[in-house]
Amino acid sequence: MERLRSHLRTRSETYRQNREGMLAALGKLDSALAESRAGGGDKYIERFRQRGKLLPRERIELLLDPGSYFLEVQPLMGHGIRGVGSGGGLIGGIGIVSGVECVITANESTLKGGAINEWGLKKSLRLAEIAEQNGLPTISLIESAGADLPNQSQIFVPGGETFRDITRRSKARLPSVCVVFGNSTAGGAYAPGLSDYTIMVDGGAKVFLAGPPLVKMATGEVTDDESLGGARMHSRISGVSDYLATDEADGLRLAREIIAHIKWKKATAPDQASEAPFYDPDELLGVASMDLRVPFDQREVIARVVDGSRFAEFKHEYGQTLVCGWAHIHGYLVGILANNGVLFSESSEKGAQFIQLSNQRGIPLVFLQNITGFMVGRQYEEGGIIKNGAKLINAVSNSTVPIFTLMTGASYGAGNYGMAGRAYEPRFLFTWPNHRIAVMGGEQLAGVLEIIKREAAERAGETLDEGGLATTKKIIRAQIEKESEAFYATSRGWDDGIIDPRDSRNALGVALSAAAARPFEPTTSWGVFRH
Ligand code: COA
């Protein structure tokens, strides 16, 4: 494969401005992540320490192999949403335990006792989906006050899915290991009850359908935490626990030991040895502007993400607003589709053809989104932009190879769909801080609303309240702009996390490696393409 030639001018004013803008946005990201890592705050962390307990993140660290990465998923779930807490009360991600890539979750028990709110629940379901889609074992580090009681209506019904999923993964021979450190009450008791391997920590675990006060109310029986649901009782009498851990560190050791003997083998290996990009990934900071009206060449991104900066481009001369080609990322062969402008009929058809080719060969796909949508206007409608865009959406929908999406800028309109947005089930979806996502831009949306209102008033023969319209437009524009931001998107779980552009290659590498756990069938079967 030929090495891409970069035209990035690292001494230019544009580069300097882009870099400055991106670094400022990364500063904001760091503060938000620090807030997420702080859990419930100093008071609760101190209380944890006094009780001689490990913090949830310390548990994860002890569980992981020395030197293992931890690709945290949705660390900013719920960020900025009142009463939720950054992270949604759950920590989750992918890391290596006893040489095996696992999905690891830990209740953020310094925050509301680890109670589960609707955002934490969404995150938990997403993590379960990652385990199921990629075929990974799961390890849950449990200490939770159960349902976030004032918000129980938001989680009670969908919460059932978490337990359903454990058993379905078990049936699919995807092991689940659960270590109980503290409270795991009521519905929460079914996580240890349903997991393939359950470890309970002596003196910490409290697993019962109802705690002593409720039992007393219900039946008049007087009992205590330990005899009702302690680790010893469950390990020696009820059999809900398979292993009695002497302390928290022992519980983590036992989890590592279990993973070491589950006889785990990955389905596929990298296609070749990994090679660092020829161009420095650090320069990714200056490629894209925070102002999405400033275009950039996605080849500059590709050159700083793929092995040796080598890229075998497909149909270079045709449909040039969609760059397609093959490359390796950490040794894994991938097909890349990247937006270099609006999608036209030609670029859409090219994308559909490229997806078909990659599926025939069983090559995973990486989408780099920076898309304002499909081209509009009479000429393009006549040229069949709808049916040609539909081909791209058809191909993405029916593709069976793993798909990975990286938002490197805009994601507007149906371009989001054709380029494997969240609804198209990419295995992982990461975003850069400059990302914006919406049906259309705030300015455009407010403008469209104005035209509709003016036409309606004209039809009804009414005079328009110009002052009222201007105010409505201003409010709508501000609302759409806010809802389009990367922070808004990530806090709602529309992605798997905002990443530093410099980490793109490694995030994709971990994702590719995780997806290699399970075999996938290439396909030549598609929905009907309209010609
Ligand atoms: N929903 C919402 N908030 C909860 C909560 C829940 N299920 N459980 C605890 N919290 C809150 C507490 O109100 C407290 O908030 P505050 O500090 O602002 O007053 C904070 O979380 C910490 O709780 P606290 O009881 O002080 O912590 P602890 O570490 O001493 O005890 C538990 C933790 C989990 C043992 C205890 O909070 C508890 O028993 N909770 C209820 C468990 C339960 O029965 N859940 C029902 C499951 S469906």
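Scroll up to find the structure.
Right, let's walk through the structure included here. Here the residue numbers are simple positions, counted from 1 along each chain's written sequence. Since the coordinates come from a predicted model, pLDDT governs what is reported: local features require at least 70, and pairs of side-chain atoms require 80 or more to be given and counted, while whole-chain, interface and lining totals use all residues. For the side-chain quantities, the full set of heavy atoms in the structure was used; hydrogens and water were omitted.

## Things to note about the overall build of the protein chain
Within the protein chain, the regular secondary structure consists of 19 helices and 14 strands. Computed over C-alpha atoms, the radius of gyration of the protein chain comes to 25 Å, within 12% of the 24 Å expected from 2.2 N^0.38 for 531 residues, which places it in the range of a compact globule. Taken over the C-alpha atoms alone, the protein chain extends approximately 80 × 65 × 50 Å along its principal axes. Buried residues in the protein chain amount to 52% of all 531 residues. Only heavy atoms matter for contacts: two residues are in contact if any of them lie within 4.5 Å across the pair. Here the contacts in the protein chain between residues at least 6 apart in sequence split such that 74% fall between residues at least 24 apart. Note that accessible areas follow from Shrake-Rupley with a 1.4 Å probe, and for residues the cover is restricted to the protein chains shown. With the model as given, the accessible surface of the protein chain reaches about 24100 Å², and the carbon-plus-sulfur share is 53%. Counted as positive: Lys and Arg. Counted as negative: Asp and Glu. His and the chain ends are not counted at all. To locate a charge, take NZ of a lysine, CZ of an arginine, CG of an aspartate or CD of a glutamate. Counting 59 positive and 62 negative side-chain charges, the protein chain places the averaged centre of each group 2 Å from the other. Only DSSP runs of H or I reaching four residues or more are called helices, and only runs of E reaching two or more are called strands; each is numbered from the N terminus. For the radius of gyration, the atom set is restricted to C-alpha positions; the globular benchmark scales as 2.2 Å times the number of residues to the power 0.38. The rule is simple: take the accessible area with a 1.4 Å probe, protein chains only, and divide by the maximum for that residue type; under 20% is buried, over 50% is exposed, in between is partly exposed.

## Description of the sheet that holds strand 4 (residues 138-144)
The strands that make up a sheet are held in pairs by hydrogen bonds between backbone atoms, and each pair lies either parallel or antiparallel. Note on pairing: DSSP must find at least two bridges between two strands before they are called paired. Strand order in the open sheet formed by seven strands is 1-2-3-4-5-6-7, and the pairing between neighbours is mixed. The open sheet has two edge strands with one neighbour each: strand 1 (70-72) and strand 7 (243-245). Across the sheet, the mean angle separating the axes of adjacent strands is 20 degrees when strand polarity is ignored. Note: strand 4 against strand 5 (residues 176-184), six bridges, orientation parallel. To define axes, lines are fitted to C-alpha atoms, for helices over the stretch in contact only, and angles between the resulting N-to-C directions are given on a 0 to 180 degree scale.

## What to know about the layout of surface pockets
When its volume is computed, the largest pocket comes out at roughly 950 Å³. A cavity, in this analysis, means grid points on a 1 Å lattice covering only the protein atoms where a 1.4 Å probe fits yet has no way out; a pocket is instead an open set bounded by protein on both sides within 12 Å along at least five of seven lines, and a residue lines either one if it has an atom within 4 Å of a point. Ile116, Gly159, Thr162, Phe163 and Gly188 are, among the 42 residues lining the largest pocket, the residues nearest its centre. Here the element with the most residues in the lining of the largest pocket is helix 5 (residues 152-171); it accounts for 10 residues. In this classification, Asp, Glu, Lys and Arg are treated as charged, Ala, Val, Leu, Ile, Met, Phe, Trp, Tyr, Cys and Pro as nonpolar, and every other residue, Gly included, as polar. Per-class residue counts for the lining of the largest pocket are 20 nonpolar, 20 polar and two charged. Grid points are joined across faces, edges and corners, and a volume is the space filled by probe spheres set on the points. When its volume is computed, the second largest pocket comes out at roughly 690 Å³. Lining the second largest pocket are 30 residues, with Leu292, Thr372, Ala410, Tyr412 and Gln444 sitting closest to its centre. Within the residue set of the lining of the second largest pocket, elements represented by two or more residues are strand 11 (365-371), strand 12 (403-412) and helix 16 (442-460).

## Let's talk about the packing of aromatic side chains
Two rings from Phe, Tyr or Trp (for Trp, the six-membered ring) form a pair when their centres sit within 6.5 Å of each other. Planes less than 30 degrees apart are called stacked, planes more than 60 degrees apart edge-to-face, and all others tilted. Going through the model one piece at a time under the given rule, you end up with 10 aromatic pairs. Ring centres of phenylalanine 314 and tryptophan 326 lie 5.8 Å apart, and the angle between their planes is 65 degrees; this geometry places the pair in the edge-to-face category. Here phenylalanine 314, found in strand 8 (residues 312-314), pairs with tryptophan 326, found in strand 9 (residues 322-329); they are 12 residues apart in sequence, far enough to count as distant. The class for phenylalanine 314 is buried, based on a relative accessible area of 15%. Ring geometry for tyrosine 488 and tryptophan 494: centres 5.8 Å apart, planes at 65 degrees, overall edge-to-face. Cluster of aromatic residues (ring-pair linked, three or more members): Phe314, Trp326 and Phe354. Here the basic side chain of arginine 492 rests over the ring of tyrosine 488, its NZ or CZ set 3.7 Å away from the ring centre. Put simply, a charge is over a ring when the Lys NZ or the Arg CZ is close to the ring centre, within 6 Å, and near the line of the ring normal, within 35 degrees.

## Looking at empty space enclosed by the protein
For the structure on display, the rule yields two cavities of 30 Å³ or more. Of the voids in this model, the largest cavity is the one considered here, and its volume is about 50 Å³. When the residues that make up the lining of the largest cavity are grouped by side-chain class, the tally is four nonpolar, five polar and four charged. When its volume is computed, the second largest cavity comes out at roughly 30 Å³.

None of the figures reported here should be taken as evidence of function without further support.
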